[in-house]
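# Observations on chain architecture
What follows is the residue order along each chain.
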Amino acid sequence: MSQPPLNQTRADFVAAVDHVIRERKTLKVLRDPGDCADLPFEVAAQLHVAVRECLDVAGWAPFHKPAHKETHQQGELKSVVPWRFYVLEKPALCALLQRLRTQAQAQPDSKWSRAWESKITRVISGTGALVLTTWLPDPSPDGGAPVLTENNQEHIAAASAAVQNLMLAAEARGLQTYWSSGGVLNDAEVFDWLGIPRTQKLAGAVFLAPTDLPADALEGGSWREKRGGPADWSKWIEA
Ligand SMILES: Cc1cc2nc3c(=O)[nH]c(=O)nc-3n(C[C@H](O)[C@H](O)[C@H](O)COP(=O)(O)O)c2cc1C
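Residues numbered from 1 in each chain as written. Predicted model: local features only at pLDDT ≥ 70, side-chain atom pairs only at ≥ 80, totals over all residues. Heavy atoms only, no water.

## Focus on the pattern of salt bridges
Basically, it comes down to this: Here a salt bridge means any side-chain nitrogen of Lys or Arg lying within 4 Å of a carboxyl oxygen belonging to Asp or Glu. Helix and strand labels come from DSSP, where a helix needs a run of H or I of at least four residues and a strand needs a run of E of at least two; each type is numbered from the N terminus. Remark: exposure states derive from per-residue accessible area (1.4 Å probe, protein chains only) relative to the maximum for the residue type, with buried under 20%, exposed over 50%, and partly exposed in between.
As enumerated under the stated definition, the model contains 9 salt bridges in all. The partner of Glu189 in a salt bridge is Lys111, and the shortest N-O contact between them spans 3.0 Å. Residue Glu189 is located in helix α8 (residues 188–194), and its partner Lys111 is located in helix α5 (residues 111–117); the two are separated by 78 residues in the primary sequence. A relative accessible area of 32% means that Glu189 is categorised as partly exposed. Looking at Lys111, the relative accessible area reads 35%, which means it is partly exposed.

So this is what it looks like as structure tokens:
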């Protein structure tokens, strides 16, 4: 059981934690992909420190099963945890956009041109940093797509807990967050460009943005106010 930090009452501790959970909300910072630009030095430096702290604390998510030994514990990142974080700061994000634009121009009417027209390029342009969080499937017997085995369900659950940790840590540090399925960021070729093994699957593309970044528009999550209340999602089982 965790104790409140020194000088904090249990009630203040609870209030702070609950506040962060409730205040976390989807915010997409949208900007024309052609306007992608480095952050001012100070903003980038502060964000770098904040993201490092968030990754540190996010890694304390629960996990039940270790990642598959041969497939995932032999590479550059050797942890037993069934998730990995890949961080792209603004220069890497703008470079990624440039690469997507080149592909789209070279191949009109392709997955690349469609990706270029999709919202994800605007979010990449608007955000401060991106944390691609993968989950680490057990290999399928036939070498195909991951199967929803009990192990894999638990790997996904653990990676999702790590994503939520990441977003709450970011929220507490005053960052705006957005968990996206990722669109073109799921593409195997994009994984290759970024050095992410194809054996991993995207659990979430987590966009982290300091407030006051230049934006063409801000957008919330469409389901936020439609979730109902505790009586709609919880039931007390009688003896
Ligand atoms: C696994 C997952 C994937 C998501 N993918 C997307 C997405 O691709 N596009 C999007 O607009 N929102 C996406 N969201 C964010 C949801 O739209 C958002 O959480 C929901 O509307 C509730 O709003 P809130 O986050 O402000 O509470 C995703 C959320 C989760 C958990």
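## What to know about the pairing of strand β3 (residues 129–135)
What counts is decided by this rule: At least two bridges found by DSSP between two strands is the condition for calling them paired.
The element β3 is largely enclosed, with a buried count of 7 among its 7 residues. Of the two faces of β3, the one carrying Ala129, Val131, Thr133 and Trp135 and the one carrying Leu130, Leu132 and Thr134 are both buried. Examined bridge by bridge, strand β2 (residues 83–88) and β3 share 6 bridges and lie antiparallel to one another. The residue bridging Leu88 from the neighbouring strand is Leu130, located in β3. Two elements, β3 and strand β5 (residues 201–210), share 7 bridges in a ladder whose sense is antiparallel. Looking at β5, one finds that Trp135 is bridged to Lys201.

## A word on the sheet that holds β2
Threshold: Interaxial angle, 0 to 180 degrees, is taken between N-to-C directions of lines fitted to C-alpha atoms, where a helix line uses only the stretch in contact.
Judged by pairing direction, the sheet is antiparallel, and its 4 strands sit side by side in the order β2-β3-β5-β4 without closing on themselves. Here the strands that pair on one side only, and so sit at the sheet edges, are β2 and β4 (175–180). Averaged over all neighbouring strand pairs, the angle between strand axes comes to 20 degrees, with direction disregarded.

## Describing the state of the cysteines
The condition that has to hold: The disulfide criterion used throughout: a pair of cysteine sulfur atoms within 2.5 Å.
All chains considered together, the criterion is met by 1 disulfide. In this model, Cys36 is linked to Cys94 through a disulfide, with the two sulfur atoms separated by 2.1 Å. Handedness of the Cys36-Cys94 disulfide follows from its S-S torsion of about -85 degrees: it is left-handed. Of this pair, Cys36 sits in the loop between β1 (27–30) and α2 (41–58) while Cys94 sits in helix α4 (residues 90–106), and the two are 58 residues apart along the sequence. By the burial criterion, Cys36 is buried, and Cys94 matches it.

## Concerning the packing of aromatic side chains
As a reminder of what qualifies: Working definition: rings of Phe, Tyr and Trp (its six-membered ring) pair if their centres are within 6.5 Å, and the pair is stacked with planes under 30 degrees apart, edge-to-face with planes over 60 apart, and tilted otherwise.
Summed over all chains, the structure comprises 3 aromatic pairs. Consider the rings of Trp112 and Trp193, whose centres lie 5.2 Å apart with planes at 15 degrees: the pair is stacked. Taken together, the residues Trp112 in helix α5 and Trp193 in helix α8 connect sequence positions 81 residues apart. Accessibility expressed as a relative area gives 2% for Trp112, which makes it buried.

## Quick word on the site of the ligand
Test applied: The criterion for a residue being near a molecule or strand is simple. One of its heavy atoms has to lie within 4 Å of it. Polar contact is defined as a pair of N or O atoms within 3.5 Å, subject to the rule that within protein one atom must be able to donate a hydrogen and the other to accept it, and that residues adjacent in sequence are counted only when both atoms are side-chain atoms. The accessible surface values rely on the Shrake-Rupley method and a 1.4 Å probe; as for residues, cover is taken only from the protein chains in view. Classification convention: Asp, Glu, Lys, Arg as charged; Ala, Val, Leu, Ile, Met, Phe, Trp, Tyr, Cys, Pro as nonpolar; all other residues, Gly among them, as polar.
For the ligand, the set of nearby residues contains 13 residues, the closest of which are Thr26, Lys28, Trp223, Arg224 and Arg227. At 2.9 Å, a side-chain N or O of Ser181 approaches a nitrogen atom of the ligand. Take Arg224: an N or O atom from its side chain is 2.8 Å from an oxygen atom of the ligand. If the ligand stood free it would expose 610 Å²; the protein chains cover 69% of that surface. Broken down by element, the shell around the ligand gets its largest block of residues, 3 residues, from β4. Residue composition of the shell around the ligand, grouped by class: 3 nonpolar, 5 polar and 5 charged.

## Focus: α4
For clarity, the threshold we go by: One less than the number of residues in a helix, times 1.5 Å, gives the span that helix is expected to have. Residues are treated as being in contact if the distance between any of their heavy atoms lies within 4.5 Å.
An ideal rise of 1.5 Å per residue puts 24 Å on 17 residues; α4 measures up with 24 Å between its terminal C-alpha atoms. Listed as buried for α4 are Lys90, Leu93, Cys94, Leu96, Leu97, Leu100, Gln103 and Ala104. If you follow the buried residues of α4, they end up packed against β2, α5, α6 (119–126), β3 and α8.

## Remarks on the packing of helix α1 (residues 10–23) against helix α7 (residues 150–172)
The condition that has to hold: Roughly parallel refers to an angle under 35 degrees, roughly antiparallel to one over 145, roughly perpendicular to one between 65 and 115, and oblique to any angle outside these ranges.
Two elements in contact, α1 and α7, have axes separated by 9 Å at closest approach and are oriented at 105 degrees. Considering their axes alone, α1 and α7 lie roughly perpendicular with respect to each other. From α1, Val20, Ile21 and Glu23 reach across to α7, where they touch Leu168, Glu171 and Ala172. Taken together, the residues of the contact of α1 with α7 break down into 4 nonpolar, no polar and 2 charged.

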